[in-house]
Amino acid sequence: MGAKRGPADPERRERIMAATERILLENGITGLSHRTVAREADVPLGSTTYYFATLDDLLDAAIHRLSERYARTLHEWGEALGEVSPGELVEALADLVVRQLRDNRAELVLSFELSTAAMRRPELRDSALLYAETEREVLSAHTDEQTARALSRVLDGLLLQSLAAAAPPTRADITGPLAALLTP
């Protein structure tokens, strides 16, 4: 028996959210519309506007969900590190960058796309900054606040340039800037 449809469909909002995430990860912000989400979620068009009046509401909700997942993953990573030396933190961050580029490329592209969109759309700024704030928060458990902010910015630069590059970065490309901050 298939999923319930209509008013007795308690999972409709979840299907809409999951469809929104898929569309964003595959096609980016410009691929998002109430119509494409409704088609992907297999719900009537009116359902998307019932739960999310505007496209920005839908985008914001999806970005928050993706950010919360990223935050959980990053917090788990940070907790698993425990006490580390600055040199060990360089290596752990390099491993994280490599893993992010390999396993989470679509999420990274979307986060940078969102940051760019927030430059012209102030209503997206809070969502766009969630990734960086999570990084800063996790990193500040392993270093001082100022260094955590600097590391977050360096990580963003490394990831952005790596996503745009024709070839993946070498280990030295990643560890060099991190070591300059953590082990001068």
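Scroll up to find the structure this text is about.
Keep in mind that this is a model prediction, so the values were computed, not measured. Within every chain, residues take consecutive numbers counted from 1 along the sequence as written. Residues qualify for local features only when their pLDDT is at least 70, as the model is predicted, and side-chain atom pairs are given and counted only at 80 or more; totals for whole chains, interfaces and linings, by contrast, use all residues. With hydrogens and water excluded, all non-hydrogen atoms of the structure serve as input to the side-chain values.

A.B. asks: Any details on the packing of aromatic side chains? Residues and values, ideally.
C.D. replies: Stacked, tilted and edge-to-face are the three classes applied to pairs of Phe, Tyr and Trp rings, where Trp contributes its six-membered ring and a pair requires centres within 6.5 Å; stacked means planes under 30 degrees apart, edge-to-face means over 60, and tilted covers the rest. Evaluation of the coordinates by the stated rule reveals two aromatic pairs. With centroids separated by 4.9 Å and ring planes inclined at 85°, the aromatic side chains of tyrosine 50 and tyrosine 51 adopt a geometry described as edge-to-face. Any residue under 20% of the maximum accessible area for its type is buried, any over 50% is exposed, and the rest in between are partly exposed; the area is computed with a 1.4 Å probe on protein chains only. On the basis of relative accessible area, tyrosine 51 is assigned to the partly exposed category, the value being 31%. Ring centres of tyrosine 70 and tyrosine 131 lie 5.0 Å apart, and the angle between their planes is 40°; this geometry places the pair in the tilted category. Remark: tyrosine 131 occurs in helix α7 (residues 125-139) and tyrosine 70 occurs in helix α4 (residues 55-81); sequence separation between them is 61 residues. Numbering of helices and strands starts at the N terminus; helices are DSSP runs of H or I of at least 4 residues and strands are runs of E of at least 2.

A.B. asks: Can you explain the pattern of salt bridges? Please cite residues and give values.
C.D. replies: A pair can form between side chains of opposite charge whenever their charged atoms are brought close. Here a salt bridge means any side-chain nitrogen of Lys or Arg lying within 4 Å of a carboxyl oxygen belonging to Asp or Glu. Evaluation of the coordinates by the stated rule reveals 12 salt bridges. Where glutamate 40 meets arginine 22, a salt bridge forms, and the shortest distance between an N and an O atom there is 2.7 Å. Of the two residues, glutamate 40 sits in helix α2 (residues 34-41) while arginine 22 sits in helix α1 (residues 12-27), which places them 18 residues apart along the sequence. The exposure class assigned to arginine 22 is partly exposed, which follows from its relative accessible area of 34%. Among the ionic pairs, glutamate 145 bridges to arginine 136, the shortest N-O distance being 2.8 Å. Here glutamate 145 falls in the partly exposed class, since its relative accessible area comes to 34%. Relative accessible area serves as the criterion here: at 15%, arginine 136 is assigned to the buried category.

A.B. asks: So what about the side chain of threonine 48? Which residues, and what values?
C.D. replies: Counting through the fold element by element, threonine 48 comes out in helix α3 (residues 45-51). With near-sequence residues (within four places) excluded, threonine 48 lies in contact with Ile16, His34, Val37, Ala38 and Val43. Throughout, a contact is declared for two residues whenever any of their heavy atoms are within 4.5 Å.

A.B. asks: Give me the packing of α7 against helix α8 (residues 145-164): which residues, what numbers.
C.D. replies: Fitted lines through C-alpha atoms give the axes, limited to the stretch in contact for helices. The angle between two N-to-C directions lies from 0 to 180 degrees. Between α7 and α8, the least distance of the axes is 8 Å, while the angle of their chain directions is 135°. The orientation of α7 with respect to α8, classified from their angle, is oblique. Both α7 and α8 take part in a crossing whose hand is right-handed. In contact with Ala132, Glu133, Glu135, Arg136 and Leu139 of α7, α8 contributes Glu145, Ala148, Arg149, Leu151, Ser152, Leu155 and Asp156. Here the term charged refers only to Asp, Glu, Lys and Arg, the term nonpolar to Ala, Val, Leu, Ile, Met, Phe, Trp, Tyr, Cys and Pro, and the term polar to all other amino acids, Gly among them. When the residues that make up the contact of α7 with α8 are grouped by side-chain class, the tally is five nonpolar, one polar and six charged. Convention used here: angles under 35 degrees read as roughly parallel, angles over 145 as roughly antiparallel, angles from 65 to 115 as roughly perpendicular, and any remaining angle as oblique. Definitions for this section: a left-handed crossing has its near helix turned counterclockwise from the far helix by less than a right angle. A right-handed crossing has that turn clockwise.

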